[in-house]
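# Structure at a glance
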Amino acid sequence: MPKAAEIDIASVSKVYGTSTAVDTISLKIPAGSYCCFLGPSGCGKTSTLRMIAGHEGITAGDIRLGGTIVTDFPPARRGTAMMFQSYALFPHLDLVDNVAFSLKMKGVARDERRAKALEMLTLMQMEAYAARRPSQLSGGQQQRVALARALITNPEALLLDEPLSALDPFLKIRMRAELKKLQKSLGITFVHVTHSQEEAMALADLIVVMNNGRIEQAAAPRTVFEKPATAFVARFMGDHNVISGRVTSIEDGIVSVTVPQGHTFKVRDIAEIGKPIDIGIRTDRVRLERTSDKSLGFEGIVSNIEYRGASVKIAVIGAGSEDFTVVISDGDYFRKPVATGDAVSLSWALEDVIPLGLVSA
Amino acid sequence: MRVRHESSLPLREGWGGVFRLLLHHRGFRNLPEGRQMAMIASTEPNERIGRGRSRGLRLPFAAICYLQATPLLLILGFFFILPILMIIVVSFWDYDFAGLYPDFLTMNYTDTLGSWVTWKTYLNTLKFTVLTWALTLVIGFGVAYFLAFHIRTTTMQMVLFLVCTVPFLTSNIVRMISWIPVLGRNGLVNSALIKLGIVPEPIEWLLYSDFAVVLALVHLNTLFMVTPIFNTLMRIDRSLIEAARDCGASDWQVLWNVILPLAKPGMAIGSIFVVTLVMADFSTVQVMSGGQSASVALMMKNQMSLLQYPAAAANAVVLLFVVLLMVAAILRVVDIRKEL
């Protein structure tokens, strides 16, 4: 079994001309973990991956792989293997030669490398297609070949650049499960770049949310979802209502947040009076009930209702929020249905209000 | 290609009769290209034209399709198929110093193929072709590789590519003749070498030699290699090169294992251009060898000057056959269909 490497990114920056793609990020990815870089396009996640792989120069900082500083190493000497977004299989070679490519570059004899490649293809259940060219394969099959090609070098870390983005939704979910299984059985470090929070949640041991070249939050999926560190993370992960306001008073660790429209909400946090603050409220924790505490709810007008099967999504306008989302179970909804234009009371518990910080600069 | 030929048309016309023009211009120079076009455009309509017309009234759509294909069919029929058929027919005619006599004789072919001079001339032409092909391939790939992989911005790539085409703004003949003051006995090269004291007296083989012929042929034809190769290189997905590097390939290994195999179709198309152009060349060989070297087309030109049209036609059919064989061989080695 190949050994896994810890990846240590220390104050790494990437500058293209005048624009900064990655801005002094630091991150430790534990050996043998499945790490997902998550963020919108242009957030620097792919640049970071390419710097780990060695396909992009590092402007400042260092990258360590399992104790060795690899900043100036060429890709092949780093002990990493990369799987490209479009898989980048060689169109002029059959699958065996594609997989055997890196062995050929090392000068391994033809029969030996082909035998080893076939073994790898068998592991990926692609041996039946060994004599085919990549263009004769479906997207999922191409992905397996790309995996076989990447893994034949026994890498300590596998780097995947949006590996599932080229697949149709159904296949995406299947290949996702295969990736996870593969990572578990190989035990090596996987670094996976994606813009889908669902994908990251399903796969990762460690989610790294990036925005504008910075890391907004790096934590386990559950932490990222339940305790999003910033308003960006809360919005990007979805299922959160974000309310922005200013701190007006603090009492016993309870902060009062007043939105520009005048309504005040409560959150358990430490803050300074007068400072701007964002709070997050999970959409599925909001109830359609009147509350005694005015600062743990508000009155609004229903602007839209979406039926989703097991749940119903209700959009509400009120308290300065244009699109406050409430998700309730279908049972609760049909017991007391509401219609667009109805006035409703919303409420939630103090524990469900999450204070959202800003990125620590 | 086409534009260049058309622009040099009046010049050629001044050199000989219309028949010769058709022979060289249509029959040989444009043959592979024309043939491909004919195949693409007219195989199906040709086969089904009868049925299509009779069904035309009931099936207006089919009629419209055939109608659309008609102009090209007419143009190719009149200017490509008809001339070739004429050449083939005339190649079986009899002739003497005064006229042509319709007949069916194989004499022209037995004379051509039975002659020691023909074989020697073919060998000489093949020698020029192979040398020119090899040199244009190496130079053309080098230039295309530099343009595609070492020039970073697309604008600069286009600018430099256009610079490559600048010599083509003048005609073949002018470009060829301009070598004479460079290579001549008292030309630029010789006088420079003598002044620098490198050689005591002018080098004779610079001009009016096989060297001069190959030099001019390479000069005239390299761009035909650069263009298609550049085109295929530009289409190579850059992530393939990164993938190769990720697999530990060195620069040379990337070139040998990824770029060269993927550039093969462009190299094949360029080779077809160069091989057909050089095989049918007569002016370069005549001017640059000073009449000391022969090529097949030059042999035909001489036959026509002696009004031996049927002999020239037979020769032309043989050359056509040889060139088609060469093109077929190239296409057998490399599958260019994906490129078209």
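Residues numbered from 1 in each chain as written. Chains lettered and ligands numbered in written order. Predicted model: local features only at pLDDT ≥ 70, side-chain atom pairs only at ≥ 80, totals over all residues.

## Details of the overall build of chain A
- Counting its regular elements, chain A contains 10 helices and 19 strands.
- Each of the three principal axes of chain A carries a C-alpha extent, and together these read 80 × 45 × 35 Å.
- Counting across all 361 residues of chain A, residues that qualify as buried make up 42%.
- Taking all contacts inside chain A whose residues are at least 6 apart in sequence as the whole, residues at least 24 apart take part in 65%. (Helix = DSSP H or I, 4+ residues; strand = E, 2+ residues; numbered from the N terminus. Buried ≥ 20, exposed ≤ 12 C-beta atoms within 10 Å, placed from the backbone. Contact = placed C-beta atoms within 7 Å.)

## Here's the deal with the domain arrangement of chain A
- On domain assignment, one finds that chain A holds domain 1 (7-226) and domain 2 (239-356).
- Each of domain 1 of chain A and domain 2 of chain A has a C-alpha centre, and the two are 40 Å apart. (Domains from an automatic or database assignment.)

## Regarding the pairing of strand S6 (residues 80-83) of chain A
All names here are of chain A.
- Going residue by residue along S6, you find Thr 80 and Met 82 tucked away on one face and Ala 81 and Met 83 tucked away on the opposite face as well.
- In the sheet, S6 pairs with strand S7 (residues 157-161) via four bridges, with the strands oriented parallel. Counted as the bridge partner of Met 82 is Leu 159 from S7. (Pairing = 2+ DSSP bridges.)

## Comments concerning the nonpolar core
- Ranked by size, the top nonpolar core spans 106 residues in total, and within it Val 99, Ala 148, Leu 158, Leu 159, Val 191, Val 208 and Ile 279 of chain A carry the most contacts.
- If you look at the next biggest cluster of nonpolar residues, it comprises 60 residues, including Leu 217, Met 267, Val 275 and Met 279 of chain B. (Core = buried A, V, L, I, M, F, W, Y, C linked by C-beta atoms within 7 Å.)

## Brief notes about the sheet that holds strand S8 (residues 189-194) of chain A
Residue and element names in this part refer to chain A.
- Strand order in the open sheet made by the six strands is S6-S7-S8-S3-S9-S10, with mixed pairing throughout. Of all the strands in the sheet, the pair left with one neighbour each is S6 and strand S10 (214-219). Strand-to-strand twist across the sheet, computed as the mean angle between neighbouring axes with direction ignored, equals 15 degrees.
- Across five bridges, S7 lies against S8 in parallel orientation. When the sheet's bridge partners are listed, Leu 160 is paired in S8 with His 192.
- Its contacts with the sheet put helix H5 (residues 139-151) on S6 and S7, and the angle it makes with S6 is roughly 165 degrees. (Axes fitted to C-alpha atoms, helices over the stretch in contact; angles between N-to-C directions.)

## Section: the confidence of the model for chain B
Residues and elements named next belong to chain B.
- Looking at chain B as a whole, its pLDDT mean stands at 81, while 82% of the residues score no less than 70.
- Every residue in residues 1-53 scores below 50 in pLDDT, and together they form 59 contacts with partners more than four places removed in sequence or on other chains.
- Interface confidence for the predicted complex, given as ipTM, is 0.81, next to a pTM of 0.76. (pLDDT = per-residue confidence, 0-100.)

## Considering the packing of helix H5 (residues 60-90) of chain B against helix H17 (residues 309-333) of chain B
Residue and element names in this part refer to chain B.
- Across the interface, H5 lies against H17 with an axial gap of 8 Å and an inter-helix angle of 120 degrees. For H5 against H17, the interelement crossing comes out left-handed. For the pair formed by H5 and H17, the contact residues are Ile 87, Ile 88 and Val 90 on the first element and Tyr 309, Pro 310, Ala 313, Ala 316 and Val 317 on the second.
- Looking at the contact of H5 with H17 residue by residue, the classes come out as eight nonpolar, no polar and no charged. (Left-handed = near helix turned anticlockwise from the far one by under 90°. Nonpolar A, V, L, I, M, F, W, Y, C, P; charged D, E, K, R; others polar.)

## Some thoughts on the UniProt feature "domain: ABC transporter" (unreviewed entry) in chain A
- Residues annotated by UniProt as "domain: ABC transporter" (unreviewed entry) correspond here to residues 7-237 of chain A.
- Split by type, residues 7-237 of chain A is 37% helix and 26% strand. Its first and last C-alpha atoms lie 25 Å apart. (UniProt positions renumbered as here; feature names shortened; annotations may be inferred.)

## Description of the interface of chain B and chain A
- At the junction of the two partners, chain B supplies 14 residues and chain A supplies 15 residues.
- Counting residues per element, the ones that place at least two in the side of chain B that touches chain A are helix H13 (238-246) and helix H14 (251-279) of chain B.

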